[in-house]
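Listed here are the chains, written in short residue letters.
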Amino acid sequence: MTESKTPLKPNIPDIKKCPRCGANILLGDTKCSNCGYAAINVSDTLRATSPTFIAVVCLFLGAALMLASTGMDDLMQFLFLGGGFAIVIGGGVYMALNILVSDPKRRRKKL
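Computed from a predicted structure; not experimentally measured. (Residues numbered from 1 in each chain as written. Predicted model: local features only at pLDDT ≥ 70, side-chain atom pairs only at ≥ 80, totals over all residues. Heavy atoms only, no water.)

A. Quick look at the overall build of the protein chain. Regarding its fold elements, the protein chain presents three helices and two strands. Of all 111 residues assigned to the protein chain, the portion counted as buried reaches 10%. Sequence-distant contacts in the protein chain: of pairs separated by 6 or more residues, those separated by 24 or more amount to 24%. On the protein chain, roughly 9700 Å² of surface is accessible, and the fraction owed to carbon and sulfur atoms is 65%. (Helix = DSSP H or I, 4+ residues; strand = E, 2+ residues; numbered from the N terminus. Buried < 20%, exposed > 50% of the residue type's maximum accessible area, 1.4 Å probe, protein only. Contact = heavy atoms within 4.5 Å. Areas by Shrake-Rupley, 256 points an atom, 1.4 Å probe, with all protein chains shown as cover.)

This is the structure we're talking about:
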């Protein structure tokens, strides 16, 4: 009548191996301690970067492109103005979406 319960397995993360040299990469490491291979990818780096920083960089880059268009002819001026405007708007939209999606004060519906 007594049921034997199987013990729960501990929640241990998988140990990553370096694709270049095969050494273990510890949790939280950004580089392999043996060969220096970058253990994080571009998407992880973007997630770690502040959205405000990205928006400010886009603002200055877009403004620089728009200012550079002042001495150009018709088509090139239009392309530089359009590209600069798109970069400025893209940076603002990225920051707004990041605030809307990841704001800790925003209530989320439970599934």
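B. Region of interest: a nonpolar patch on the surface. A contiguous nonpolar surface patch, about 570 Å² in accessible area, is contributed by Phe-85, Ile-89, Val-93, Leu-97, Leu-100 and Val-101. Turning to its location among the elements, Leu-97 is positioned in helix H3 (residues 74-102). (Patch = residues over 30% accessible without salt bridge, like charges linked within 9 Å, V, L, I, M, F, W, Y side chains within 5 Å. Salt bridge = Lys/Arg side-chain N within 4 Å of Asp/Glu carboxyl O.)

C. Region of the structure containing the environment of Tyr-37. Mapped onto the fold, Tyr-37 is located in the loop between strand E2 (24-25) and helix H1 (42-48). The class for Tyr-37 is partly exposed, based on a relative accessible area of 31%. Along the sequence, Tyr-37 and Pro-19 sit 18 residues apart, while their C-alpha atoms lie 8.3 Å from each other. With sequence-adjacent residues up to four places away left out, Tyr-37 is seen in contact with Cys-18, Pro-19, Arg-20, Thr-30, Lys-31 and Cys-32.

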